[in-house]
Amino acid sequence: MNDLKQLAQNLMELDDQMVACMKCGMCQAVCPVFAETMQEADVTRGKIALLEKLAHEMVRDADQVNEKLNRCLLCGSCAANCPSGVKIMDIFMKARVIVTTYKGLSQTKKMIFKGLLTRPKLFNFLTEMSAKFQGPFTKVADQASGASSCAMLNPLIGERTFMPLAKRPFRKDYPQLDTPRGTSGLKVAFYPGCVVDKMFPQVGHAAIKILEYHGVGIFLPKAQACCGIPTLASGDSDTFVDLMKQNVKAFENGTFDYLVTPCATCTATIHETWIKMIDTEDAVFKDKVQAIADKTMDINAFLVDVVGVKAPSELSKGGKVVTYHDPCHLSKSLGVTAQPRALLKSNQSYEFKEMNEANRCCGCGGSFNLYHYDLSKKIGERKAENVRDAGADVAATGCPACMMQLSDMLAQSGGGVEVKHVLEIYADSIK
Amino acid sequence: MSNAKLAKEFEKIVGAGGVMHEEADLHAYSYDSAVLDPQVPALVIKPSNTEQLGPITKLCNDNGLPLTVRGAGTNLSGGTIPHPGGVVLLTNGLNKILEINEEDLYAVVEPGVVTAQFAAKVAQRGLFYPPDPGSQAVSTLGGNVAENAGGLRGLKYGVTKDYVMGMDFYDVNGDLIKSGSRTVKCVTGYNLSGLMVASEGTLGVFSNIILKLVPPPKASKAMMAVFDDVQKASETVAAIIANHIVPCTLEFLDNATIRYVEDYTKAGLPTDAEAILLIEVDGHPAEVIDDAEKVVNICNKIGAIAVQAAETAEEREALWTARRNALPALARAKPTTVLEDATVPRSQIPAMMAGLKKIAEKYKLDIGTFGHAGDGNLHPTILCDNRNKEEFHRVEEAVNEIFDVALSLKGTLSGEHGIGMAKSKWMEKETSRATLDYSLRMKKAIDPKGILNPGKIIGG
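Since the structure is predicted, the reported quantities are computational estimates derived from the model, not experimental observations. (Residues numbered from 1 in each chain as written. Chains lettered and ligands numbered in written order. Predicted model: local features only at pLDDT ≥ 70, side-chain atom pairs only at ≥ 80, totals over all residues. Heavy atoms only, no water.)

**So, the side chain of Ser199(B)**
All names here are of chain B. Our working definition: Put simply, DSSP H or I for four residues or longer makes a helix, DSSP E for two residues or longer makes a strand, and each gets a number counted from the N terminus. A 1.4 Å probe rolled over the protein chains alone gives each residue an accessible area, and that area as a share of the maximum for its type sets the label: buried under 20%, exposed over 50%, partly exposed in between. By the convention used here, residues are in contact when the closest approach between their heavy atoms is within 4.5 Å.
Mapped onto the elements, Ser 199 comes out in the loop between α7 (192–196) and β9 (205–212). A residue is classified by how much of its surface remains accessible, and Ser 199, at 4% relative accessible area, is buried. With near-sequence residues (within four places) excluded, Ser 199 lies in contact with Ala 146 and Ile 457.

**Quick notes on the sheet that holds strand β4 (residues 186–190) of chain A**
All names here are of chain A. Our working rule: A strand pair is defined by DSSP finding two or more bridges across the two strands. Only the stretch in contact is used when a helix axis is fitted, and all axes are lines through C-alpha atoms; the angle between N-to-C directions ranges over 0 to 180 degrees.
Reading across from one edge, β3-β5-β4-β6-β7 is the order of the 5 strands in this open sheet, with mixed pairing throughout. The open sheet has two edge strands, β3 (177–178) and β7 (296–298), and neither has a second partner. Its contacts with the sheet place helix α18 (residues 299–307) against β4, β5 (216–220), β6 (258–261) and β7, and it is angled at close to 95 degrees to β7.

**Focus: empty space enclosed by the protein**
Residues and elements named next belong to chain B. Stated precisely, the cut-off is as follows: Cavity: a set of points on a 1 Å grid over the protein atoms alone where a 1.4 Å probe fits but cannot get out. Pocket: an open set with protein on both sides within 12 Å along at least five of seven lines, its lining residues, like those of a cavity, having an atom within 4 Å of a point. Grid points are joined across faces, edges and corners, and a volume is the space filled by probe spheres set on the points.
Within this structure, the stated rule accounts for 5 cavities of 30 Å³ or more. Of the pockets and cavities examined, the largest cavity occupies roughly 760 Å³. As for the largest cavity, its lining consists of 45 residues, and the residues nearest its centre are Thr 74, Asn 75, Leu 76, Ser 135 and Ser 139. Contributing elements (two or more residues each) for the lining of the largest cavity: β3 (67–70), α5 (141–147), β9, α11 (313–324), α12 (326–330) and β15 (366–372).

**Points about the interface of chain B and chain A**
Many structure descriptions define interface size as the accessible area lost when the parts assemble. Counted only if it meets this: A simple way to read buried area is as the amount of 1.4 Å-probe accessible surface that goes missing from two parts once joined, with both sides added. Salt bridge criterion: a side-chain nitrogen from Lys or Arg within 4 Å of a carboxyl oxygen from Asp or Glu. Here a polar contact is recorded for every N or O atom pair within 3.5 Å, except that within protein the pair must consist of a potential hydrogen donor and a potential acceptor, and residues adjacent in sequence are included only if both atoms are side-chain atoms. Classification convention: Asp, Glu, Lys, Arg as charged; Ala, Val, Leu, Ile, Met, Phe, Trp, Tyr, Cys, Pro as nonpolar; all other residues, Gly among them, as polar.
Chain B puts 36 residues into the contact, and the matching count from chain A is 34 residues. Between chain B and chain A, the buried area comes to about 2700 Å², and carbon and sulfur atoms account for 53% of it. Looking at the side of chain B facing chain A, the largest losses of area belong to Glu23(B), Tyr31(B) and Arg387(B), adding up to 19% of the total buried there. Inspection of the chain B/chain A interface yields 4 salt bridges. On inspection of chain B and its partner chain A, the count reaches 23 residue pairs in polar contact (both at pLDDT 80 or more). Those elements giving two or more residues to the side of chain B that touches chain A turn out to be α2 (23–28) and α12 of chain B. A per-element tally of the side of chain B that touches chain A places α2(B) first, with 5 residues. Each residue belonging to the side of chain B that touches chain A can be placed in one class, and the counts come to 16 nonpolar, 12 polar and 8 charged.

**Quick notes on helix α10 (residues 285–302) of chain B**
All names here are of chain B. Applied cut-off: Helix span, as expected, comes to 1.5 Å for every residue beyond the first. In this description, one arc is meant: the one made by directions from the helix axis to the C-beta atoms.
Over its 18 residues, α10 extends 26 Å from the first C-alpha to the last, a length consistent with the 26 Å expected when each residue adds 1.5 Å. Restricting attention to buried positions, one finds in α10 the residues Val 288, Asp 291, Ala 292, Val 295, Ile 298 and Cys 299. Here the buried residues of α10 occupy an arc of 130 degrees about the axis, which is enough to place them on one side. Projecting away from the buried face of α10 at angles above 90 degrees are the exposed residues Ile 289 and Lys 301. The inward-facing, buried residues of α10 contact β10 (219–227), α8 (230–242), β12 (275–283) and β13 (306–309). In the stretch just after α10, Gly 303 is the one whose phi turns positive, near 120 degrees.

Structure follows, in structure tokens:
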């Protein structure tokens, strides 16, 4: 499609949803991007106004609107704070699909999404190879957070630091699992997600240790694929549906009570977003997706609300100060805030201290971090400052993408603060 | 001069990053919170300091460029909708609190300071800035002054005008004008500050504003009175005032508003009630106890089903959060919410409520009503879809009639939202031809070319 009229017509499909935005401007109070730029096109009501104008052909430069549309972390802060209940995330996701269909996907994204993500075996192979050869090129920038830098890539990545690929991905140790229900009488499907698998395998190991400790059976099918959110956020709904199908196929033959993930973004995507992107005529597939979505739960919430965990209390008290950053997908999309804190507090060898603005976005936003690093960094610096103001030795969170951003921001602001997943800290408290 | 050349001229003042001229940016500043047609400016200028305001204003005047100053764009009367082909001047980057004087109880601020952030800052210093418009989380103090914004505490503490001690502003020639002072008493010359408050950007561009602060009340008590009859609720409002009790807040919500607000806030509002009053009394602890008791008695005497007091700070905050979200929550009902703020003397609230009911029936419209009943400032909100031309025509007719009823009760077109573009055509009806001519002569003398926010208040 390359017809502006057609683009406008397609956007008109969102008109009923967009018209619910009364332009009250309350989104300005919570949008992390607007807080940095204070420009109307960077806040939700501005984006919706532009999409409406494109739909009504009052604005004809689709590229400019697309650029503004993409200056968004998709953190959902505005949706959570919208008194009018505008389904902002649905509008933005669908608008990205419509505009990308009009403009076409870039060659790079086409290669990564269609050539790599939809072929998990190839994806795994290439990342494993990259992990083997990255050593000579990367240098540890901050021992505590584990962030590295790469002088060779400096012209491309600037001063940013990054998490290197793990030497041994999680799935290498656990290609598949199917253990029976234990003392808990429960069994879960475990979905580690790409970032845990390839960058933070220790989080996956912690999850397995915790589940086994609490007598929870684990179903880990062989052929899991990416949850698809990077593709959808880029407007590539075809690949998103392809990945969803691969995952449904992988999990549909297992018997489990819940599907749990240690990744806030994967949880929200599977629980909320998958079902919205299905062709409604395919009732059988829709039922399968709905069944998985209904069972999907954040692992912190599963442990606290379903298993009812209580860590042993024989650990010595005090020690390192740990603070918690609320990932947007957990706090704003799924309402999971108390459970990760409960797990952190159960490890008495840490002292828990709440930071200011704990539920403010860290600025990662997936590919937002790649395309708008200047903004991402400014937002992240505020988060790093809040972590440091809390006097934390450890910044814990429940999303591996946030872990990447926290590591970069804390490394660049002087280092010395460890970045951990809640599961790692909870796992430390059990034998 | 072409837009490109003008952009270059503005860049000389504010730098390249301070001038926006791409189509998407211009359209992003073509609207505000009012239900009015957008108008696209030629340029958007974002100054980085207040010294740049004079040269910007002068450049606009020299080139006959209509100039609309914009803070957060949250006004509900179209005051920040630009003139087509004009310039939008953004003040939200001019957000320094220049001084908070605890001894003399005032603060000096730049116009782009966000209201709630300012109130929180002075509260940290043990002081109180009472004006609290519903949009305070995002609205700017400059915008509040330009619109003479009100809020929930207007009944006892007054509105923005009651807190403006003075200001510096740029006239249309780019000259800095000083008005008022840091003293409580100041009768030097014309009260230019008084003229500037509610002038909606038609007479000058604020550079900084001196705001009065007060000590915070020592105690307060919030209550919710529940009614099964709208008239009883409105009679209660009149009775409380008639008994010479002045709560700091006395708010009214009708059934439609209660239901939609509760759906969003989950504050525990009684969704089957026909109306509720949210009442807060404050002051000396003994006075608060006494006033609260009297209020409860009056509510019960007139026929409230229940009167519940907020026992904790959380319960109190839940009530006010619910009230502050009344308008946006009503927007859940229908795509378009046409909000009016026709205001009547407090004793006329029952008559106004009866009039609104008749109008809703006559035009077959869903009207949710809430507002600052204690100061007579009601917000009848018509729930509709402005894409439905026939329905919207009925809405326009109903709005006409709402103003007619308010004026017939010796009320006013606007209690706090301003006139903007939305109500300028009724100005003569409320005032007089002579009054409007007087205003036009004043405007002409101050701004001969008519570049300062043209089309607002007095039309033209």
